Amino acid sequence: MIDLTKHILPDTVEVNGETYKIETDFTYWIRFSQIAKDRKAKITDFDFIYIGKTRAFNIVDSKPPEDRAAGFLALLGFYQPKEECPKADEDDGDGERALDYTVDGSRIYAAFMQCYGINLIRTPMHWHEFLALLQNVRGTMLNDVMGYRLWEKPSGEKNAYENGMERLKEMWALPPTEEEKETLERFNSRFD
């Protein structure tokens with residue numbers, strides 16, 4: 001969440017009472033999301049985010065926190081800033097993924113160019129700024145593709161529109177995550 005009463009975006013996380021300066025550019029946080037999806041990732045794989053521990057805005061050192069688990073939770077809080085609206089509904093969706101920063105990279109790039117005239121290749125941008133802009137793009141191919149992925153067929157008899165939407169949903173489906181692949185393999189192994 002961006003606080004407009006402050007003229008600066010956060011560039012630190014707090015871990016066990018200590019403040020650590022972190023990288024804020026969106027490219028680092030897209031990499032963070034890729035590592036977070038990797039089931040083989042180690043907690044130390046996230047150390048690249050830390051710039052250094054700070055005291056009164058003076059960098060003391062460039063070490064990540066000793067408590068890497070608490071550090072990861074702090075980084076996760078920065079990665080997924082809390083939003084006041086809309087209120088989350090406990091029965092809200094089935095957790096279906098509509099966006100992948102890697103797979104949809106060209107569509108994200110094009111959406112920023114189309115909506116804001118921002119070249120993401122050449123423009124450094126704070127992660128929270130990137131998220132605010134990304135969440136508010138409208139009328140782009142990215143929006144269309146996300147809509148196809150989230151489309152749910154209604155019950156009852158199919159018509160030509162629903163057949164077409166099912167086909168688009170299938171065509172634009174994101175590749176399965178490692179966790180989804182493992183679950184499918186375990187399920188299929190029961191029938192071997």
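Structural data are supplied above this passage.
Residues numbered from 1 in each chain as written. Predicted model: local features only at pLDDT ≥ 70, side-chain atom pairs only at ≥ 80, totals over all residues. Heavy atoms only, no water.

## A few points about the packing of helix 3 (residues 105-116) against helix 4 (residues 127-134)
- Look at helix 3 against helix 4: their axes get within 11 Å of each other, and the N-to-C directions meet at 75°. Between helix 3 and helix 4, the crossing angle belongs to the class labelled roughly perpendicular. Listed contacts from helix 4 to I108, F112 and Y116 of helix 3 are F130, L133 and L134.
- Classifying every residue of the contact of helix 3 with helix 4 by side-chain character gives 6 nonpolar, no polar and no charged. (Axes fitted to C-alpha atoms, helices over the stretch in contact; angles between N-to-C directions. Helix = DSSP H or I, 4+ residues; strand = E, 2+ residues; numbered from the N terminus. Parallel < 35°, antiparallel > 145°, perpendicular 65-115°, else oblique. Contact = heavy atoms within 4.5 Å. Nonpolar A, V, L, I, M, F, W, Y, C, P; charged D, E, K, R; others polar.)

## Quick word on the packing of aromatic side chains
- Taken as a whole and judged by the stated rule, the model has 16 aromatic pairs.
- Taken together, a centroid distance of 4.9 Å and an interplanar angle of 55° make the contact between F46 and F72 tilted. Residue F46 is found in the loop between helix 1 (26-37) and strand 3 (50-55), and its partner F72 is found in helix 2 (residues 68-79); the two are separated by 26 residues along the sequence. Take F46 and F72: they sit in the same class, and that class is buried.
- Residues Y79 and W127 carry aromatic rings whose centres are separated by 5.3 Å and whose planes lie at 10° to one another, so their mutual orientation is stacked. Pair noted here: Y79 is in helix 2 and W127 is in helix 4, with a separation of 48 residues, a long-range link.
- The buried category is assigned to W127, whose relative accessible area is 0%.
- In this structure an aromatic cluster arises from ring pairing among F26, W29, F32, F46, F72, F78, Y79, Y101, F112, Y116, W127 and F130. (Phe/Tyr/Trp six-rings, centres within 6.5 Å; stacked < 30°, edge-to-face > 60°. Buried < 20%, exposed > 50% of the residue type's maximum accessible area, 1.4 Å probe, protein only.)

## Here's the deal with unusual backbone geometry
- We note that N16 has phi near 50°; this positive angle belongs to a residue other than glycine.
- Within the element layout of this structure, N16 appears in the loop between strand 1 (12-15) and strand 2 (18-22).

## Quick notes on the nonpolar core
- Core analysis: the largest hydrophobic core is formed by 31 residues, its most contacted members being V13, W29, L75, Y101, F112, W127 and F130.
- Listed by contribution, the elements that provide at least two residues to this core are strand 1, strand 2, helix 1, helix 2, helix 3 and helix 4.
- When neighbours within four sequence positions are excluded, V13 is seen to be in contact with E18, T19, Y20, I22, Y50, A74, L75 and F78. (Core = buried A, V, L, I, M, F, W, Y, C linked by side-chain atoms within 4.5 Å.)

## What about the pattern of salt bridges?
- Taken as a whole and judged by the stated rule, the model has 10 salt bridges.
- When the shortest N-O distance is used, the salt bridge between D100 and K37 registers 2.8 Å. Placement of D100 in the loop between helix 2 and helix 3 and of K37 in helix 1 is noted, with a sequence separation of 63 residues between them.
- Residue class for K37 comes out partly exposed when judged on its relative accessible area of 38%.
- Taking the shortest distance from any N to any O, the salt bridge between D45 and K42 comes out at 3.8 Å. (Salt bridge = Lys/Arg side-chain N within 4 Å of Asp/Glu carboxyl O.)

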